[in-house]
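Here's the letter readout for the chains.
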Amino acid sequence: MKIALVNIATNKYISFLPKLYTTANMFFLNEHEVDYFLFSNLDFLINNCARKIHIKKIEHKPWPYMTLNRYKFFTEAEDQLKQYDYIYYCDVDMYFYSKVGNEILSDRVATIHPGFFNSKKTEYTYEDNPESTAFLKNEDGDNYYAGGFNGGSSREFLKMAKTINENITKDEEKSIIAKWHDESHLNKYFFVNKPTKILNPLYCFPDNFSSDLSPKIIAITKNHELFRSEV
Ligand code: UDP
């Protein structure tokens, strides 16, 4: 299979990239042909990466636009991305800790958010503004999914990216930004289009959680103020 791993890294977030790529080379879908797509405002060179890196130039905007606009960037790269069988996204401040293999290959792949694994539905933080396209009632929801790792067949992933991008644009026309940005829209999308594979939080595991379990993908704790530039 041909797989694309897509990541966004502008400004200081670029510092996370070497660890992500080094560990993805070791653990991410090793049986397959994997290419990396980096969306960045910087000219970044990684020498001797075992896999091909495609750099897509984007303009940096202050928080929350680099996370909120992710689906716009993927939609704009559709012509290239549709040549892959599967597309996966992870936040750049993550790294692979152990083998992530064929178990993740499915049409629409969601990951349960580690903060809501054992939560009651009433605790889910879906968008609660009925005016937003991301609006979802707590009692209706199935799970609370993480924005940090998801993917699927390229056809389904690009369909999702297009729909979420359209919904975010509709919200912007009403001056609405959903509570958890792209993650609120992802949760609404997966409510309407049920995931065909639901991964447990080991695929989005915070580095400050203590556990006897062996994580697959780790989310790095960071000082948000330090990384999220205002300009
Ligand atoms: N991001 C970026 N530049 C920014 C802000 C965010 O490249 O200025 C990207 C980066 O890939 C990051 C993702 O957006 O991992 C999500 O942002 P962040 O990790 O800050 O959100 P969190 O997951 O901590 O809520």
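What counts and what doesn't
Residues numbered from 1 in each chain as written. Predicted model: local features only at pLDDT ≥ 70, side-chain atom pairs only at ≥ 80, totals over all residues. Heavy atoms only, no water. Near = heavy atom within 4 Å. Polar contact = N/O pair within 3.5 Å; in protein donor to acceptor, adjacent residues only side chain to side chain. Areas by Shrake-Rupley, 256 points an atom, 1.4 Å probe, with all protein chains shown as cover. Nonpolar A, V, L, I, M, F, W, Y, C, P; charged D, E, K, R; others polar. Axes fitted to C-alpha atoms, helices over the stretch in contact; angles between N-to-C directions. Helix = DSSP H or I, 4+ residues; strand = E, 2+ residues; numbered from the N terminus. Parallel < 35°, antiparallel > 145°, perpendicular 65-115°, else oblique. Left-handed = near helix turned anticlockwise from the far one by under 90°. Contact = heavy atoms within 4.5 Å. Buried < 20%, exposed > 50% of the residue type's maximum accessible area, 1.4 Å probe, protein only. Pairing = 2+ DSSP bridges.

1. Observations regarding the site of the ligand
Of all residues adjacent to the ligand, which total 15 residues, the nearest are Ile 8, Thr 10, Tyr 13, Lys 222 and His 224. At a separation of 3.0 Å, an oxygen atom of the ligand approaches a polar side-chain atom of Asp 93. Relative to its unbound accessible surface of 510 Å², the ligand loses 87% to contact with the protein. Residue composition of the shell around the ligand, grouped by class: seven nonpolar, four polar and four charged.

2. Quick notes on the packing of helix H5 (residues 154-173) against helix H6 (residues 181-192)
Here H5 crosses H6 at 125°, and the two axes come no closer than 10 Å. It follows that H5 is oblique to H6 by the angle criterion. Judged by the twist between their axes, the crossing of H5 over H6 is right-handed. In contact with Glu 156, Lys 159, Met 160, Thr 163, Ile 164, Asn 167, Ile 168 and Asp 171 of H5, H6 contributes His 185, Leu 186, Tyr 189 and Phe 190. Residue composition of the contact of H5 with H6, grouped by class: six nonpolar, three polar and three charged.

3. Let's talk about the environment of Phe 39
Relative to the helices and strands, Phe 39 is located in strand S2 (residues 33-40). Accessibility expressed as a relative area gives 2% for Phe 39, which makes it buried. Through-space distance from the C-alpha of Phe 39 to that of Ile 218 is 21 Å; in sequence the pair is 179 residues apart. In contact with Phe 39, other than residues within four places in its own chain, are Val 6, Asn 7, Ile 8, Ala 9, Lys 56, Ile 58, Phe 73, Phe 74 and Ala 77.

4. Description of the sheet that holds strand S7 (residues 149-153)
Strand order in the open sheet formed by seven strands is S3-S2-S1-S4-S7-S6-S8, with mixed pairing between adjacent strands. Strands at the two margins of the open sheet, each flanked by one partner only, are strand S3 (53-57) and strand S8 (197-199). Recorded for the sheet is a direction-independent mean angle of 20° between the axes of neighbouring strands. Here strand S6 (residues 108-111) pairs with S8 via three bridges, running parallel. Its bridge partner lying in S8, Thr 111 is registered against Leu 199. Running at roughly 170° to S2, helix H1 (residues 17-27) makes contact with strand S1 (2-8), S2, S3 and strand S4 (86-90) of the sheet.

So yeah, pure geometry; function would need other evidence.
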